[in-house]
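Coordinate inspection notes
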Amino acid sequence: MPNSIQQQIGNIALVVENYDDAIDFYTNKLEFILVEDTDLGSGKRWVQVSPPNSNGTNLLLAQASNPQQLEAVGNQTGGRVFLFLQTNDFWRDYERMTAKGITFNEQPREEEYGIVVVFEDLYGNKWDLLEMKNSAE
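Computed from a prediction, not measured in an experiment: that's the story for all the values here. For every chain, the first residue of the written sequence is number 1, and numbering continues from 1 along that sequence. Reporting of local features is limited, given that this is a predicted model, to residues whose pLDDT is at least 70; pairs of side-chain atoms are given and counted only at 80 or more, and all residues count toward the totals for whole chains, interfaces and linings. As a convention, hydrogens and water are excluded, and side-chain values are obtained from all of the structure's heavy atoms.

What about the layout of surface pockets?
Approximately 680 Å³ is the volume attributed to the largest pocket. Definitions used throughout: a 1 Å grid over protein atoms alone; a cavity as a set of points that fits a 1.4 Å probe which cannot get out; a pocket as an open set with protein on both sides within 12 Å along at least five of seven lines; a lining residue as one with an atom within 4 Å of a point. Lining of the largest pocket is provided by 25 residues; of these, P51, P52, S54, L85 and Q86 occupy positions nearest its centre. Note on conventions: DSSP H or I runs of at least 4 residues are helices, E runs of at least 2 residues are strands, and numbering of each starts at the N terminus. For the lining of the largest pocket, the secondary-structure elements that each account for two or more residues are β4 (58-63), β5 (81-86), α3 (90-99) and β9 (126-132). Ranked by the residues each element gives to the lining of the largest pocket, the list is headed by β5, at four residues. Broken down by class, the residue content of the lining of the largest pocket amounts to twelve nonpolar, nine polar and four charged. Grid points are joined across faces, edges and corners, and a volume is the space filled by probe spheres set on the points. For the second largest pocket, the calculated volume is near 200 Å³. Note that Gly is not counted as nonpolar here; it falls among the polar residues with everything else outside the nonpolar set of Ala, Val, Leu, Ile, Met, Phe, Trp, Tyr, Cys and Pro and the charged set of Asp, Glu, Lys and Arg.

This is the structure:
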């Protein structure tokens, strides 16, 4: 394959119950940036959020539009951790998130690869807050 191939994941779709509730959670509780909120008509919007200083991969908030999609809200991975929020300062972010009422499923723990804790978004999707051992160096 040619060395000139360059790819990246631009967006990860997250099915939500309501655009505005999801925007409020991600921008106010997790302090993500609202990258874009474009009305596409007929109740659809193109809504992207991203952690501050992210590398370009955004969450695309997709409001459920039928019963099957609504059933998937909060359980897109069958109960497994779905997304991994990496940080360069675990304790800063953990304390900030705790103060904002984020639900944690466990106590923070040290692993071979770094410090991690599982938390939930407003719909119950599981996330890891994670500081890799080499990220603070």
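Once you've had a look at it, read on.
Quick look at the pattern of salt bridges
A pair is scored as a salt bridge if a Lys or Arg side-chain nitrogen falls within 4 Å of a carboxyl oxygen belonging to Asp or Glu. Scanning all chains against the criterion turns up eight salt bridges. R96 serves as the salt-bridge partner of E31, at 3.8 Å between the closest nitrogen and oxygen. Note that E31 is positioned in the loop between α1 (19-29) and β2 (33-41) and R96 in helix α3, a separation of 65 residues in sequence. The partner of E106 in a salt bridge is R109, and the shortest N-O contact between them spans 2.2 Å. Taken together, the shared-partner salt bridges in this structure form one network comprising E31, R92, D93, R96 and K100.

Regarding the nonpolar core
For this analysis, a nonpolar core means a set of buried residues of the types Ala, Val, Leu, Ile, Met, Phe, Trp, Tyr and Cys, connected via side-chain atoms within 4.5 Å. Working definition: with a 1.4 Å probe on protein chains only, accessible area under 20% of the residue-type maximum means buried, over 50% means exposed, and in between means partly exposed. Counting 30 residues, the largest nonpolar core has Y26, L59, L61 and F119 as the members making the most contacts within it. Among the secondary structure elements, those contributing two or more residues to this core are β1 (11-16), α1, β3 (44-50), β4, β5, α3, β8 (114-120) and β9. At five residues, α1 tops the list of elements feeding residues into this core. Whether two residues are in contact is decided by their heavy atoms, any of which lying within 4.5 Å being enough. Not counting chain neighbours up to four residues away, the residues in contact with F119 comprise L30, L85, M97, I102, T103, F104, N105, N125, K126, W127, D128 and L129.

Brief notes about α3
Note that an α-helix has 3.6 residues per turn; residues three or four places apart therefore point the same way. Along α3, the positions that sit buried rather than exposed are F90, D93, Y94 and M97. Axial view of α3: buried residues confined to an arc of 100°, hence all on one face. Residues of α3 that are buried make contact with β6 (103-104), β8 and β9. Read the arc as the range of directions from the helix axis to the C-beta atoms.

Some words on the pairing of β9
Where burial is concerned, most of β9 is hidden: five out of the seven residues are buried. Strand direction decides the pairing type here: β5 and β9, joined by five bridges, are parallel. Residue pairing for β9: L83 is matched across the bridge by W127. Paired strands, as defined in this entry, are two strands with at least two bridges between them according to DSSP. Summarising the sheet, β8 and β9 pair through seven bridges and their orientation is antiparallel. Paired with I115 across the two strands is E131, which belongs to β9. In this structure, the hairpin formed by β8 and β9 is closed by a connection of five residues, where G124 is found at a positive phi of approximately 100°.

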